Amino acid sequence: MQPVLSAEQIREVDRLTVDNYHVPSLLLMESASAACLDAIQLRLGPLTGKKALILCGRGNNGGDGAALARGLSRAGIHCAVVLFGKLSETIGDARTNFEAVSRLASFEAGSHESPPPLTFIECDGIPAWEQIAKPRRAYDVIVDALFGTGLTRPLEGVFLKVIEHLTLLRDARDRAGGHRPLILSIDIPSGLNADKATPIGPAVESDLTVTFTAAKTANVLAPACEFGGELIVAGIGSPPSLIEAAKPRVFVTEAEDACAWLASTRYTPE
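The following paragraphs examine the structure supplied in this document. On a predicted model such as this, the values are computed, not experimentally measured, just so you know.

Overview of the side chain of His165
Part 1 of the reasoning: If you trace the backbone, His165 turns up in helix H6 (residues 158-175).
Part 2 of the reasoning: Those residues in contact with His165 that lie beyond four places of it in its chain are Trp129 and Ala133.

Thoughts on helix H1 (residues 7-21)
Because each turn of an α-helix spans 3.6 residues, side chains separated by three or four positions end up pointing in the same direction.
Part 1 of the reasoning: Taking 1.5 Å per residue, 15 residues should reach 21 Å; H1 reaches 20 Å between its end C-alpha atoms and fits that length.
Part 2 of the reasoning: Residues Ala7, Ile10, Val13, Leu16 and Thr17 constitute the buried set of H1.
Part 3 of the reasoning: Elements in contact with the buried residues of H1: helix H2 (25-44), strand E7 (208-212) and helix H8 (240-245).
Part 4 of the reasoning: Where H1 ends, the next residue or the one after it, His22, has phi of about 55°, a positive value.

Notes on the pairing of E7
Where a strand is regular, its side chains alternate between the two sheet faces.
Part 1 of the reasoning: Most of E7 sits out of view: 5 of its 5 residues are buried.
Part 2 of the reasoning: Burial along E7 is two-sided: the residues Leu208, Val210 and Phe212 and Thr209 and Thr211 are all buried.
Part 3 of the reasoning: Sheet analysis places strand E6 (residues 182-186) next to E7, joined by 3 bridges and oriented parallel. Its bridge partner lying in E7, Ser185 is registered against Thr209.
Part 4 of the reasoning: Relative to strand E8 (residues 230-234), E7 runs parallel, the two being bridged by 5 bridges. Pairing of Thr211 across the sheet is with Val233, part of E8.

With respect to the packing of helix H5 (residues 126-133) against H6
Part 1 of the reasoning: In contact at an axis separation of 9 Å, H5 and H6 are set at 20° when each is read in the N-to-C sense. Taken together, the axes of H5 and H6 lie roughly parallel to each other. Read as a crossing pair, H5 and H6 show a hand that is right-handed. Contacts between H5 and H6 involve Ile126, Trp129 and Ala133 from the former and Val158, Lys161, Val162 and His165 from the latter.

Observations regarding the side chain of Ser206
Part 1 of the reasoning: With respect to the secondary-structure elements, Ser206 resides in the loop between E6 and E7.
Part 2 of the reasoning: Of the polar contacts made by the side chain of Ser206, one reaches the side chain of Ser185; its length is 2.4 Å.
Part 3 of the reasoning: When sequence neighbours within four positions are dropped, the list of residues in contact with Ser206 reads Arg170, Ile183, Leu184, Ser185, Pro189, Phe227, Gly228 and Gly229.

Here's the deal with the pattern of salt bridges
Part 1 of the reasoning: Taken as a whole, this structure holds 11 salt bridges when the rule is applied.
Part 2 of the reasoning: Here Glu12 makes a salt bridge to Arg15, at a shortest N to O gap of 2.7 Å. On the criterion of helical spacing, the pair formed by Glu12 and Arg15 is a turn pair, its members being 3 residues apart in helix H1.
Part 3 of the reasoning: Under the relative-accessibility criterion, Arg15 is labelled partly exposed at 39%.
Part 4 of the reasoning: The salt bridge involving Arg170 is made with Asp207; its shortest N-O contact spans 3.2 Å. Of this pair, Arg170 sits in helix H6 while Asp207 sits in the loop between E6 and E7; the two residues are 37 residues apart in sequence, bridging distant segments of the chain.
Part 5 of the reasoning: For Arg170, a relative accessible area of 18% translates into the label buried.
Part 6 of the reasoning: One network of salt bridges, in which partners are shared, links Arg170, Arg173, Asp174 and Asp207.

Examining unusual backbone geometry
Part 1 of the reasoning: Omega for the peptide link from Arg180 to Pro181 comes to 10°, which places this bond in the cis form.
Part 2 of the reasoning: The omega angle of the peptide bond from Ala222 to Pro223 is 5°, so this bond is cis rather than trans.
Part 3 of the reasoning: At His22, a position not held by glycine, the phi torsion is positive, near 55°.
Part 4 of the reasoning: Secondary-structure assignment places His22 in the loop between H1 and H2.
Part 5 of the reasoning: Of note in the backbone geometry, Asp187 takes a positive phi value of approximately 75° without being a glycine.
Part 6 of the reasoning: Mapped onto the fold, Asp187 is located in the loop between E6 and E7.

Here is what the cut-offs are and how they apply
Residues numbered from 1 in each chain as written. Predicted model: local features only at pLDDT ≥ 70, side-chain atom pairs only at ≥ 80, totals over all residues. Heavy atoms only, no water. Helix = DSSP H or I, 4+ residues; strand = E, 2+ residues; numbered from the N terminus. Contact = heavy atoms within 4.5 Å. Expected span 1.5 Å × (residues − 1). Buried < 20%, exposed > 50% of the residue type's maximum accessible area, 1.4 Å probe, protein only. Pairing = 2+ DSSP bridges. Axes fitted to C-alpha atoms, helices over the stretch in contact; angles between N-to-C directions. Parallel < 35°, antiparallel > 145°, perpendicular 65-115°, else oblique. Left-handed = near helix turned anticlockwise from the far one by under 90°. Polar contact = N/O pair within 3.5 Å; in protein donor to acceptor, adjacent residues only side chain to side chain. Salt bridge = Lys/Arg side-chain N within 4 Å of Asp/Glu carboxyl O.

Keep in mind that these numbers describe shape and distance, not what the molecule does.
Here you go:
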């Protein structure tokens, strides 16, 4: 069975992983991005020549998106990274990854034969977003790395415009019977409160959500879970003992659990 943890419990597991087991927090972020990369490769196949749009908030969820952009670019996919805010407003591990993306997107990172593998745009409001979204570029994957488990109030402003844009793209794709762009949310669809089963406002509707360490309430309980599409729970380096020590009170029963129970309780005539 899969344990379900609150946002606060996840933060404590992350803290103890860093403090007690000396796993750098930047390495946790790299592991999270690698899990997302694996999920994308599994669904899109070879990535060379494909295109991705990575939508990033200023926090750690956005930092995961920036780290993922670097991994995707190494795999041959061109990434357009949009940071909603200024690089100077970011801090910590997120800042480290945004600075790396910014440098890789610079003119100096390319050559006459090979242009930079990334583009990096700072988006400071609705007018800037409208200019970014106006060209109807065809992306193979769009990554929602706007907000993670720390969101507790409804989205507003430019983020509502982003959700509207993604909804239009998804509706057009579905009407055409297509499969792309694949919309992937990192950790949780942006707009949801991780600890609530009821949406607190408009949220991204994803095809796939990759969450880390353990599922959160909004990942698994309806109606919030209906926004996330397929759910993948990826370990990123925290010891299982820390998850057990968090004393989860909710568990998700999976297909193999049901099969094991049926096998163990099978009636055998004497």
